[in-house]
Amino acid sequence: MVELKEPVMPSSEEFSPIPSLAATAMVTVAAAAPDATVLGVPVGTSGEPPSEAGSDRAALALAGFDATVGSVLVMPAAAGQVVVLVGIGDAAALSVAGWRDAAAAFASVARGQGSLALRLPEGTQVSVTDATAAAIEGVVLARYRYEALHRNDAIGRGSGSTTVDRLVVVGGDDAGVARGTAMVRATTLARDLANTPHSHLTASTFAELCVGLGAQFGFGVEVFDEDAIAQLRLGGLMAVTRGSAEPPRMVKLSYRPQGSVTGRLGMVGKGIMYDSGGISIKPSNRVHAQMKNDMSGAATVIAAFTALGELGCTTEVTGWLMCTDNMPSGTAIGLGDVYTARNGTTVEVVDTDAEGRLVMADALVLADESDCDAVVDIATLTGSAVRALGPDMAAVLGTDQGVVEQVKLAADATDEPVWQMPLWQPYRRKFDRSSVADLPNLASPDTPDVIASSLFLSHFAGETPWAHIDIAGPSQNEEGRTWHPLGCTGFGARLLAQLAVDFKPTR
C-alpha cells in the first residue's frame, strides 16, 4: 500500500484536473427576487402570464413563446434586471426532470451572465426541496465547460459561456440547496476527471487526487501500488498493466456514516486511464481520442463519494477503483496468454481490448470477500451497449432483481436513465471455447457483448447480490443538449449517490 503522509491536491499555481471544485457557484435562497443580473420566471401553458411578461398570452405566442418545457423568451430591458420567461408546460404535470430541463434552458439563454436568479414554479406536484435541487442542477450543469487546458483566448475558440458565479433560487429551501450543490459537485468532478487527457492524469496522479478528496469530504482512502496489487493476487489488473509505462493503482474508498448503519454497499469503478486496445489495437479514428474517458466508471464512484456526507447517507459504502492503462508494447499481454484471477479462476485473453472486465473481476472478488450487502459496478465497458441503447441511456444487468430495481429507481430520480437487459444464462455456454483456461475473456462472436461481459463479471461477484451498469453510451456526448454538455458527461455520479442514500439490503 502507498504511504501518503499528507493529502495531495493541486495548488492554484499548477494544473488541476478538477478545476470545477474551486469554481463552485455560490447558491442561496430568497423569498423575493434579488438584484441578480438575470431573473428567470416560470410560465405555464395555462392561466394568465406573470406580471413580468408585460404582455398577454397572444402577444407572447406572436413572439414565438409557447411556454412548453424548455422554451424561453428574453424580455428586452433598457436598463436593470433582464427577465427571461421560462416555459414549464402544464404546471400540474411538471416533473422534476422537466423542471431541471427548463432550468437548463434558462441558464443557456442567459449564457453570458454569471449572476442569475430563478423563481420556483407554482401549482406543481414537485416539492420545494426537489424543485430547488433540480433548479441548481439544471442551471449549473448546463453551463459546465471543461477549459482547464485553454490557454490562448486569442484563437477564437471560446465557449461563449460564462460560469455561474451566483445563483439565487427564489422560493427555495436550504435542504434543496444542500442536495443540489452536492449533486452538482459530484457530476462536475466526474466530468473534469473524464475530460482530462491521459497526458495530464495518470493512475498515480488520480490516486493522489482521491486521497485529497477523501480528506476534504470525510471518507477514507487507501492506495495500493504494484507490490500491494501483486500481494493481493489481482491477476487481471497485473495482466492489463503489463503494456504500460505508467504504474497501476488500486484505490479503496471507505465511507462510514455517523450513527447507525442501514446497509453496506460496494461500488466498483473501471479506471482505464487510457485504452488503446492493447495488442488488439483500436482502429485509427477519433475513438482513440475519446479513450481518455475509459476511466469514467472510477470517476463517477469517487465523485459520488464526495456527496455522501452532505446527503446524509446512512449506508456504509466501500469503493474499489481499478486504475491503469491498456497499451501495446513489448511487455504487453498477448492474445492467447493466460492469467490467474484473485479467486483462482484462470482466464485466457482472446482480445486485449476486452480489458475492463479483467481489472473489474478482481475488484468484484474483493467485494464478494467483504461484508457488503450488495455490490454495483460501473464502467464504459462495451460498444454493444451503445449499439443496443444509443447515447442517452446505460444498460443495467444483475444477479439480484432487488438491487437492479434500486438502480432503476435511482436512475429515475436523477434522470440518468438505464434500461435493464437480460443476464441470459444460456449464453454462458458461449464461454466454453477455451481449451487452456477456465474462461476466455470474450464469448463467441455471435453473442451480444453487453450480456456476455456481464456474465463474465457475474462469475467473480460470487454470491453477493450484484448489478452492473454499462455507461459506454451516455458517458460521452457528441453534441450538447439541455444540461448535458459536449464531451464527457459525468453520467452515473448522481445515480450512484442516490443509490447509496436510498439503498436497502435485499437479503
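In what follows, the structure referred to is the one given above.
To start, this report covers the structure provided alongside it. (Residues numbered from 1 in each chain as written. Predicted model: local features only at pLDDT ≥ 70, side-chain atom pairs only at ≥ 80, totals over all residues. Heavy atoms only, no water.)

**Concerning the side chain of Arg342**
Inference 1: With respect to the helices, strands and loops of the structure, Arg342 is situated in the loop between strand S11 (338-340) and strand S12 (346-348).
Inference 2: Arg342 sits in the buried class, given a relative accessible area of 15%. (Helix = DSSP H or I, 4+ residues; strand = E, 2+ residues; numbered from the N terminus. Buried < 20%, exposed > 50% of the residue type's maximum accessible area, 1.4 Å probe, protein only.)

**Quick word on the sheet that holds S12**
Inference 1: Spatially, three strands are ordered S11-S12-S16 in an open sheet, and the strand pairing comes out mixed. Looking along the sheet, the strands with just one partner apiece sit at the ends: S11 and strand S16 (439-440).
Inference 2: Alignment of S12 against S16, held across two bridges, turns out to be parallel. The residue bridging Val347 from the neighbouring strand is Leu439, located in S16. (Pairing = 2+ DSSP bridges.)

**Quick notes on the pattern of salt bridges**
Inference 1: Tallied over the full model, the rule gives 19 salt bridges.
Inference 2: Arg100 is paired through a salt bridge with Glu137; the nearest N and O atoms lie 2.7 Å apart. Of the two residues, Arg100 sits in helix H2 (residues 96-109) while Glu137 sits in helix H3 (residues 128-142), which places them 37 residues apart along the sequence. Of the two residues, Arg100 and Glu137, both sit in the buried class.
Inference 3: Taking the shortest distance from any N to any O, the salt bridge between Glu416 and Arg494 comes out at 3.5 Å. Here the residue Glu416 occupies a position in the loop between helix H12 (401-414) and strand S15 (418-420), and Arg494 occupies one in helix H14 (residues 493-502), the gap between them amounting to 78 residues. You'll find Glu416 and Arg494 in the same group, each marked buried.
Inference 4: One network of salt bridges, with partners in common, ties together Arg100, Glu137, Glu416 and Arg494. (Salt bridge = Lys/Arg side-chain N within 4 Å of Asp/Glu carboxyl O.)

**Examining the nonpolar core**
Inference 1: By size, the foremost hydrophobic cluster in this structure holds 64 residues, and its most contacted members are Leu193, Phe206, Leu321 and Ile469.
Inference 2: If one sorts the elements of this core by residue count, helix H9 (residues 296-308) sits on top with nine residues.
Inference 3: In terms of nonpolar packing, the next biggest core, distinct from the first, is built from 48 residues, Leu234, Ile333, Leu358 and Leu457 among them. (Core = buried A, V, L, I, M, F, W, Y, C linked by side-chain atoms within 4.5 Å.)

**Some details on the packing of H9 against H14**
Inference 1: At their nearest, the axes of H9 and H14 sit 8 Å apart, and the two run at 50° to each other. With respect to their mutual orientation, H9 and H14 come out oblique. Along this stretch, H9 crosses H14, giving a crossing that reads as right-handed. Here Thr300, Val301, Ala303, Ala304, Ala307 and Leu308 of H9 lie close against H14, whose contacting residues are Ala493, Leu496, Ala497 and Ala500.
Inference 2: Partitioned by chemical class, the residues of the contact of H9 with H14 number nine nonpolar, one polar and no charged. (Axes fitted to C-alpha atoms, helices over the stretch in contact; angles between N-to-C directions. Parallel < 35°, antiparallel > 145°, perpendicular 65-115°, else oblique. Left-handed = near helix turned anticlockwise from the far one by under 90°. Contact = heavy atoms within 4.5 Å. Nonpolar A, V, L, I, M, F, W, Y, C, P; charged D, E, K, R; others polar.)

**Focus: the pairing of strand S10 (residues 315-326)**
Inference 1: Counting buried positions along S10 gives twelve out of twelve residues, so the element sits mostly inside the fold.
Inference 2: Residue alternation in S10 divides its side chains into two sets, Thr315, Val317, Gly319, Leu321, Cys323 and Asp325 and Glu316, Thr318, Trp320, Met322, Thr324 and Asn326, and both sets are buried.
Inference 3: With seven bridges connecting them, strand S8 (residues 249-255) and S10 associate as antiparallel partners. Within S10, the position partnered with Lys252 by the bridge is Trp320.

**Topic: the packing of aromatic side chains**
Where two aromatic rings form a pair, the distance of their centres and the angle of their planes describe that pair.
Inference 1: In total, this model carries three aromatic pairs according to the counting rule given.
Inference 2: Considering the side-chain rings of Phe431 and Phe456, the 6.3 Å spacing of their centres and the 35° angle between planes classify their relative orientation as tilted. Of the two residues, Phe431 is situated in the loop between S15 and S16 and Phe456 in helix H13 (residues 449-461); the sequence distance between them amounts to 25 residues.
Inference 3: A relative accessible area of 2% means that Phe431 is categorised as buried.
Inference 4: Assessed through its relative accessible area of 2%, Phe456 is described here as buried.
Inference 5: A centroid spacing of 5.1 Å and a plane angle of 50° characterise the contact between Phe456 and Phe460, whose relative ring orientation is tilted. Here Phe456 pairs with Phe460, and both are found in helix H13, just four residues apart, close to one helical turn.
Inference 6: Exposure remark for Phe460: the relative accessible area of 1% places this residue in the buried category.
Inference 7: Feature note: the residues Phe431, Phe456 and Phe460 constitute an aromatic cluster, connected by ring pairs.
Inference 8: When the ring centre of Tyr144 is taken as reference, the NZ or CZ atom of Arg191 above it lies at 5.2 Å. (Phe/Tyr/Trp six-rings, centres within 6.5 Å; stacked < 30°, edge-to-face > 60°. Lys NZ or Arg CZ within 6 Å of the ring centre and 35° of its normal.)

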